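# A look at the structure
Listed below, chain by chain, are the residues.
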Amino acid sequence: MDSSVTASSVRSRPFDVIVVGLGAMGSCALEALARRGKRVLGIDRFDPPHDLGSSHGGSRVIRLSYFERPEYVPLLRRAYDGFDRLSRDSGEKLRFETGLVAGGAYGNPVSAGMLRSAREHDLMVDAMDGRELMRRFPQFSVPANWEIVMEQQGGFVRPEAVIRSALALAVRSGASIERNAPVTSWGVNGHGAWVEAGHGRFEASALVLAGGAWMPQLMGSVGPKLEPTRQTIVWIDDAGDPAWGHEAMPVWLFDRGEQPAVYGVPPSAGMGLPQGLPQGMKVGLHGGGPVVRPEQIREVPSAEIVAETVAAAAERIVGAGTRAVAGAKHCLYTMSPDTDFVVGLHPAHPQVAIAGGFSGHGFKFAPVIGEALADLATKGKTTLPIGFLSPTRS
């Protein structure tokens, strides 16, 4: 289905809402609005889904026992339902439960935070030591006294497929999309809001800004300061080893103290991965990348960061250090100062809803953030528990 619509065909049409940015949050917001019968236009500077922002790489970790803070758990429950609804409506499986194991040395914040969220929200998790982890999964090599938590409902979702499905469903419900149309300016007036993008000016009653790494330009000095950082993802060849497959091995994340945590997603061959994406176990260091301009994602990953990432993975995955690197790509994290998301109404313009600062852990929330943005754009409020993410939080 061709979901592109030219500027000349939509410029004069009245819209209820314009959504700027069609990555994880914007695509789901567009779908939620269109499903509610709203006249909506989505605008993106590229042709989504693409690999020039944050929402790519073939997989994104999803988990319920959130170690960052328990307030996220109700949103995650709603997000799980949202991914499953998108799967049913699109006919494409988007969420995979491989289980997830995470933890580290005694007293590490990852396992402690997971257990705290599990207690507060009655989640099913299994606490164990490193010895038990290696008994269950000999693919891992960790100290025997490590504190580990396993969540059976953890796993991964497919980012490109989620965005593709959300946009196709939005178009099916009547949405219009402007692709390859960078936003040059936006503003508000007595009738709502307007956007200059590509070769056109578009107007609507309300506006959603979900521009990912471009939110600092779109938002200026409003709200918490957002900074794009560049992360490097590496794929290690699985060498045909069935023990590395997603049916035999869980998603994993291990704390490394003062250094960025190391994580991995088992190979997902046969799941319709994007063309040209490397095959193998996807590994990365969570956070700690340099502050960059968004266009710097196009630079070639350095041999040093690739080697550092592989070495961190090889400490914990048996055989990872002896297998070839299948490829590496950059990804953008748009960081907020406290690493919590920034979601809510623009402090000065109530007809504008904003979503940014997802800080490398936001994709798993895409369907519920999309619902919240649809609420904010059409009602000016939402019953979803996003108050702690407010742009005006202290």
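Counting of residues starts from 1 at the beginning of each chain's written sequence and follows it residue by residue. Totals for whole chains, interfaces and linings use every residue, but because this is a predicted model, local features are given only for residues with pLDDT of at least 70 and side-chain atom pairs only at 80 or more, for both listing and counting. Only hydrogens and water are removed before side-chain values are computed, so all heavy atoms of the structure are retained for them.

### Topic: the overall build of the protein
Quick reminder of the rule: Numbering of helices and strands runs from the N terminus; a helix is a DSSP stretch of H or I covering at least four residues, while a strand is a stretch of E covering at least two. Values of the radius of gyration come from C-alpha atoms, whereas the globule rule sets the reference at 2.2 Å times the count of residues to the power 0.38. Each residue is assigned to one of three classes by its accessible area relative to the maximum for its type, calculated with a 1.4 Å probe on protein chains only: buried under 20%, partly exposed between the two thresholds, exposed over 50%. We call two residues in contact when some of their heavy atoms are within 4.5 Å. Only the protein chains shown count as cover for residues, and all accessible areas are computed by the Shrake-Rupley method using a 1.4 Å probe. Neither His nor the chain ends is counted toward charge; the positive residues are Lys and Arg and the negative residues Asp and Glu. Where a charge sits is defined by one atom per residue type, namely NZ (Lys), CZ (Arg), CG (Asp) or CD (Glu).
Check the secondary structure of the protein and you find 9 helices and 19 strands. A compact globule built from 394 residues should have a C-alpha radius of gyration of about 21 Å, and the protein, at 21 Å, falls within 12% of that. Per-residue burial over the protein gives 58% buried out of 394 residues. Taking contacts inside the protein between residues at least 6 apart in sequence as the whole, the part at least 24 apart equals 73%. On the protein, roughly 15,700 Å² of surface is accessible, and the fraction owed to carbon and sulfur atoms is 51%. Here the protein contributes 39 positively and 40 negatively charged side chains, and the mean placements of these two sets differ by 5 Å.

### Digging into the pairing of strand S12 (residues 200-209)
What counts, and what does not: Between any two strands, pairing holds if DSSP finds at least two bridges.
Counting buried positions along S12 gives 7 out of 10 residues, so the element sits mostly inside the fold. In this structure, strand S1 (residues 15-20) lies alongside S12, joined through 5 bridges in parallel fashion. By the bridge assignment for S12, Ile-18 is matched with Leu-207. Examined bridge by bridge, strand S11 (residues 192-197) and S12 share 5 bridges and lie antiparallel to one another. Directly across from Trp-194, in S12, lies its bridge partner Glu-203. From the end of S11 to the start of S12, which pair antiparallel, there are 2 residues, and Gly-198 there has a positive phi angle of about 60°. Bridge analysis of S12 against strand S19 (residues 352-356) gives 3 bridges, and the strand direction is parallel. Note that in S19 the partner of Val-208 across the bridge is Ala-353.

### Structural notes on the nonpolar core
Rules: Take the buried Ala, Val, Leu, Ile, Met, Phe, Trp, Tyr and Cys residues and link them wherever side-chain atoms come within 4.5 Å; each set so joined is a nonpolar core.
Judged by nonpolar contacts, the single largest core of 58 residues is most densely connected at Leu-30, Val-343, Phe-365, Ile-369 and Leu-373. For this core, the secondary-structure elements that each account for two or more residues are S1, helix H2 (24-35), helix H3 (73-90), helix H6 (159-172), S12, S19 and helix H9 (366-379). Within the second largest apolar cluster, 25 residues are counted, among which are Val-101, Phe-137, Phe-140 and Ala-320.

### Quick look at the packing of H3 against H6
Relative placement of two packed helices is described by the angle separating their axes and the distance separating the axes. Filter applied, for reference: In this analysis an axis means a line fitted to C-alpha atoms, helices contributing only their contacting stretch, and an angle means the value between N-to-C directions, from 0 to 180 degrees. Angle categories are assigned with fixed cut-offs, so that under 35 degrees is roughly parallel, over 145 is roughly antiparallel, 65 to 115 is roughly perpendicular, and the rest are oblique. Here a crossing is taken to be left-handed if its near helix is turned anticlockwise relative to the far helix by less than a right angle, and right-handed if that turn runs clockwise.
Put simply, H3 and H6 touch, their axes get as near as 10 Å, and they point 60° apart. Taken together, the axes of H3 and H6 are oblique relative to one another. Where H3 crosses over H6, the two elements pack in a sense that is left-handed. Facing Phe-83, Leu-86, Asp-89 and Ser-90 of H3, the residues of H6 in contact are Val-162, Ser-165, Ala-166, Leu-169 and Arg-172.

### Considerations on the side chain of Glu-151
Threshold: Salt bridge, as used here, is a side-chain nitrogen of Lys or Arg placed within 4 Å of a carboxyl oxygen of Asp or Glu. Here a polar contact is taken to be a pair of N or O atoms separated by no more than 3.5 Å, where protein atoms must pair a possible hydrogen donor with a possible acceptor and residues adjacent in sequence count only if both atoms sit in side chains.
Within the secondary structure layout, Glu-151 lies in strand S7 (residues 147-151). One buried charged residue, Glu-151, remains without a salt bridge, the closest side chain of opposite sign being Arg-63 at 7.0 Å. Of note is the side chain of Glu-151, whose polar atom sits 2.5 Å from the side chain of Ser-65. Glu-151 has contacts with Arg-63, Leu-64, Ser-65, Tyr-80, Gly-99, Leu-100, Met-124 and Val-125, leaving out every residue within four places of it along the chain.

### Let's talk about the environment of Gly-174
Mapping Gly-174 onto the fold places it in the loop between H6 and strand S9 (176-178). Accessibility expressed as a relative area gives 41% for Gly-174, which makes it partly exposed.

### Considering the confidence of the model for the protein
The condition that has to hold: Confidence scores here are pLDDT values: one per residue, from the predictor, ranging 0 to 100.
Confidence along the protein averages 95 in pLDDT terms, with 96% of residues attaining 70 or more. Long-range and interchain partners of residues 1-9, a stretch whose pLDDT sits below 50, account for 14 contacts in this model, where long-range means more than four residues apart.

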